[in-house]
Amino acid sequence: MAILKVARMGHPVLRAKARPLEAAEIRSPAVQQLIDDMFETMAEYQGVGLAAPQIHESVRLFVAGIPARTGDDDEDEDDDDDDMPLVALINPEITPVGREVSEDWEGCLSIPDIRGRVPRARSIVVKGYDRNGKRVEIKASGFSARVMQHETDHLNGVLFFDRMKSFETLTFLDEFGRYWSRRDVAEE
């Protein structure tokens, strides 16, 4: 496996619509290696999602998830919305469920050290293929729905900036930690 170079904002691959993978390609050694490398790259950069265009591959594939935690360090965390098993999705199609939209903070490995509040559908259904070429349908809400929408946007050449209603919340990560995150905690 290998750690791949992440394309940064400004590289044309991030603004192009990625091509779908053909059924015969999905189980190929090249695509399987790409998926493994994407998981390793996502973990290396402490991300929760990574789309193929972000590593200079213009195909409709993303990986996402949070590795299972071990130990008792997550006792206070009982929000099922933040539970996200590792998944590779190929040729994803997203359908919002209901009209509820939530606005929350997002960042991106292709736009390092920047955060902003982005509105997203609260609940979605994602249809696509898993890494074995099997058709899957995933229902997601909260954080996992946000991640899947963010990664699917990358497959369409869309960055999180494009979804923001206003740039007032656009902030560098250290300023976010200093000012914004405390404000959000105080409001809850």
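Presented here is a report on the structure given in the accompanying data block.

### Quick look at the sheet that holds strand β7 (residues 135-141)
- In spatial order, the strands read β1-β2-β3-β6-β7; together these five strands make up an open sheet with antiparallel pairing. The open sheet has two edge strands, β1 (49-51) and β7, and neither has a second partner. Neighbour to neighbour, the strand axes of the sheet diverge by 40° on average, direction disregarded.
- Sheet topology places strand β3 (residues 87-96) next to strand β6 (residues 123-129); five bridges connect them, and they run antiparallel. Looking at β6, one finds that Pro 96 is bridged to Ile 124.
- Strands β1, β2 (61-64) and β3 of the sheet are contacted by helix α2 (residues 29-44), whose axis makes an angle of about 40° with β2.
- The sheet contacts of helix α3 (residues 142-155) involve β1, β2, β3, β6 and β7, and relative to β7 the element is tilted by about 125°.

### Quick notes on α2
- Here α2 spans 22 Å end to end across 16 residues, near enough to the 22 Å set by a 1.5 Å rise per residue.
- Taken as a whole, α2 has its buried residues at Val 31, Gln 32, Leu 34, Ile 35, Asp 37, Met 38, Phe 39, Thr 41 and Met 42.
- Considering only its buried residues, α2 is in contact with α1 (23-26), β1, β2 and β3.
- Looking at the residues trailing α2, positive phi occurs at Gln 46, about 55°.

### What to know about the nonpolar core
- With 17 residues, the main nonpolar core has Leu 21, Ile 35, Met 38, Leu 61 and Val 63 as its most contacted residues.
- Per-element accounting of this core gives the leading share, six residues, to α2.
- Contact partners of Met 38, with chain neighbours within four places excluded, come to Leu 4, Leu 50, Ala 51, Ala 52, Ile 55, Leu 61, Phe 62 and Val 63.
- Counting 15 residues, the second-largest nonpolar core is a separate cluster that includes Ala 51, Leu 89, Ile 124 and Val 126.

### Re the packing of aromatic side chains
- Scanning all chains against the criterion turns up four aromatic pairs.
- Taking the centre distance of 4.8 Å and the plane angle of 65° together, the rings of Trp 105 and Phe 176 count as edge-to-face. With Trp 105 in strand β4 (residues 101-108) and Phe 176 in helix α5 (residues 173-187), the pair connects residues that are 71 residues apart, well separated along the chain. With respect to class, Trp 105 is no different from Phe 176; both count as buried.
- Ring geometry for Trp 105 against Trp 180: centres 5.3 Å apart, planes inclined by 65°, an arrangement best described as edge-to-face. Taken as a pair, Trp 105 in strand β4 and Trp 180 in helix α5 lie far apart in primary sequence, 75 residues in all. Across this residue pair, the class does not change: Trp 105 and Trp 180 are buried.
- Each residue in the set Trp 105, Phe 176 and Trp 180 is aromatic and connected to the rest through ring pairs, giving one cluster.
- Geometry around Tyr 129 places Arg 135 over its ring, the cationic atom sitting 5.1 Å from the centre.

### Some thoughts on the sheet that holds β4
- Taken in spatial order, the three strands of this open sheet run β4-β5-β8, and their pairing is antiparallel. Two strands in the sheet have a free side with no partner beyond their single neighbour: β4 and β8 (171-172).
- Running over the sheet, α3 touches β4 and β5 (111-121) and is turned about 60° from β4.

The rules we used
Residues numbered from 1 in each chain as written. Predicted model: local features only at pLDDT ≥ 70, side-chain atom pairs only at ≥ 80, totals over all residues. Heavy atoms only, no water. Pairing = 2+ DSSP bridges. Helix = DSSP H or I, 4+ residues; strand = E, 2+ residues; numbered from the N terminus. Axes fitted to C-alpha atoms, helices over the stretch in contact; angles between N-to-C directions. Contact = heavy atoms within 4.5 Å. Expected span 1.5 Å × (residues − 1). Buried < 20%, exposed > 50% of the residue type's maximum accessible area, 1.4 Å probe, protein only. Core = buried A, V, L, I, M, F, W, Y, C linked by side-chain atoms within 4.5 Å. Phe/Tyr/Trp six-rings, centres within 6.5 Å; stacked < 30°, edge-to-face > 60°. Lys NZ or Arg CZ within 6 Å of the ring centre and 35° of its normal.

Keep in mind that these numbers describe shape and distance, not what the molecule does.
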